Amino acid sequence: MVLVVVMGVSGSGKTTVGSRLAAKLGWKFYDADDYHSPENKKKMAEGVPLNDEDRIPWLCALHDILRREDSCRQDAILACSALKKMYRCVLVSGASAIESNQPEQPGENAALKILFVHLDGPIDIIAGRLKKRRGHFMPSELLKSQFDTLEPPSAPENFITVSLEKSLPEIVLEIQRAIFQGEALLE
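For the structure given in this document, a descriptive report is provided here. (Residues numbered from 1 in each chain as written. Predicted model: local features only at pLDDT ≥ 70, side-chain atom pairs only at ≥ 80, totals over all residues. Heavy atoms only, no water.)

**A word on the nonpolar core**
Part 1: Judged by nonpolar contacts, the single largest core of 30 residues is most densely connected at Val-5, Leu-59, Leu-62, Leu-78, Cys-80, Leu-91 and Ile-114.
Part 2: Secondary structure elements with two or more residues in this core: strand 1 (3–7), helix 3 (52–71), strand 3 (76–79), helix 4 (85–93), strand 4 (114–120) and helix 5 (123–132).
Part 3: Tallying contributions element by element places helix 3 first for this core, with 7 residues.
Part 4: In this structure, Cys-80 is in contact with Val-5, Val-6, Met-7, Gly-8, Lys-14, Ala-32, Trp-58, Leu-59, Leu-62 and Leu-91, ignoring residues within four places of it in sequence.
Part 5: By size, the runner-up hydrophobic cluster in this structure holds 19 residues, among which are Leu-25, Val-117, Leu-119 and Ala-178. (Core = buried A, V, L, I, M, F, W, Y, C linked by side-chain atoms within 4.5 Å. Buried < 20%, exposed > 50% of the residue type's maximum accessible area, 1.4 Å probe, protein only. Helix = DSSP H or I, 4+ residues; strand = E, 2+ residues; numbered from the N terminus. Contact = heavy atoms within 4.5 Å.)

**A short note on the side chain of Arg-55**
Part 1: Mapped onto the fold, Arg-55 is located in helix 3.
Part 2: Of the side chains with opposite charge, Asp-52 lies nearest to the buried Arg-55, which makes no salt bridge, at 4.8 Å.
Part 3: Excluding anything up to four places from it in sequence, Arg-55 contacts Leu-50, Leu-83, Tyr-87, Gln-146 and Thr-149. (Lys, Arg positive; Asp, Glu negative; His and termini not counted. Salt bridge = Lys/Arg side-chain N within 4 Å of Asp/Glu carboxyl O.)

**As for the packing of aromatic side chains**
When we look at a pair of aromatic rings, we describe it by the centre distance and by the angle of the planes.
Part 1: For the structure shown, the criterion picks out 1 aromatic pair.
Part 2: Taking 6.3 Å as the distance between ring centres and 70° as the angle between the ring planes, the aromatic pair formed by Trp-27 and Phe-180 counts as edge-to-face. Of the two residues, Trp-27 is situated in the loop between helix 1 (14–25) and strand 2 (28–31) and Phe-180 in helix 7 (residues 168–180); the sequence distance between them amounts to 153 residues. (Phe/Tyr/Trp six-rings, centres within 6.5 Å; stacked < 30°, edge-to-face > 60°.)

**Some remarks on the pattern of salt bridges**
Side chains that differ in charge, positive against negative, can pair when their charged atoms come close.
Part 1: Within this structure, the stated rule accounts for 8 salt bridges.
Part 2: When the shortest N-O distance is used, the salt bridge between Glu-69 and Lys-28 registers 3.3 Å. With Glu-69 in helix 3 and Lys-28 in strand 2, this residue pair connects regions lying 41 residues apart in the sequence.
Part 3: Among the salt bridges present, the one from Arg-88 reaches Glu-157, with a minimum N-O distance of 2.5 Å.

**Let's talk about the environment of Cys-89**
Part 1: Summarising the element assignment, Cys-89 is placed in helix 4.
Part 2: Here Cys-89 falls in the partly exposed class, since its relative accessible area comes to 33%.
Part 3: With 22 residues separating them in the primary sequence, Cys-89 and Ala-111 have C-alpha atoms 8.9 Å apart.
Part 4: Not counting residues up to four positions away in its chain, the partners in contact with Cys-89 are Gly-94 and Ala-97.

**With respect to the sheet that holds strand 3**
Part 1: Taken together, 5 strands build an open sheet; the order of strands is 2-3-1-4-5 and the sheet is parallel. Because the sheet does not close on itself, it has two edges, and the strands there are strand 2 and strand 5 (159–163). Taken pair by pair, the neighbouring strands of this sheet meet at an average axis angle of 20°, ignoring direction.
Part 2: The strands touched by helix 1 are strand 1, strand 2, strand 3 and strand 4; relative to strand 2, the strand with the most contacts, the crossing angle is about 165°. (Pairing = 2+ DSSP bridges. Axes fitted to C-alpha atoms, helices over the stretch in contact; angles between N-to-C directions.)

**Focus: unusual backbone geometry**
Part 1: Between Ala-155 and Pro-156 the backbone carries a cis peptide bond, its omega angle lying at 10°.
Part 2: In this structure, Pro-156 sits in the loop between helix 6 (143–149) and strand 5.

**Digging into the packing of helix 3 against helix 4**
Part 1: Running from N to C, helix 3 and helix 4 point in directions that differ by 35°, and their axes come no closer than 7 Å. Considering only the axes of helix 3 and helix 4, their crossing is right-handed. Of the residues in helix 4, those touching helix 3 at Asp-52, Arg-55, Ile-56, Leu-59, Cys-60, Leu-62, His-63, Leu-66 and Arg-67 are Met-86, Tyr-87, Val-90, Leu-91, Val-92 and Ser-93.
Part 2: The class makeup of the residues in the contact of helix 3 with helix 4 is 10 nonpolar, 2 polar and 3 charged. (Left-handed = near helix turned anticlockwise from the far one by under 90°. Nonpolar A, V, L, I, M, F, W, Y, C, P; charged D, E, K, R; others polar.)

Printed below as a string of structure tokens:
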């Protein structure tokens, strides 16, 4: 059973890569954008970056989805910005990650084993993609704030970094190899 979070700034290709990978593997796919509150979508559409207070309830809801899939032994892929280490911790451990003094609970509340796939690339390429995107609530003007917020994953987090400058089939294949060849230790 594998849980994958395809992460990165807006316009990095999370939804495209995640949905293609899920279709290829026959896994469930979730797009975190579908779970933003109307207030969050409105704020972003107005060009106002979300803050931690805006994001935490959203991340907790996403953790609950991943927890449900884990308990059903269902492989799943989530496309989610997961820009800060704290946000990734919430995806792994839920609300208990916010209270840093809380030890990891055994059993039902144990931390989820998630592979984070960071789609990484230069701001100019991503900005070009955002300018071509239509009908999305995230304006291209917020891209700089996303890069400012981004804390790329690092050890001991379970992650791989994939260049978004590769073709879509190459990106999907690289992630597949990481999942199935054990480069990403999910044990």
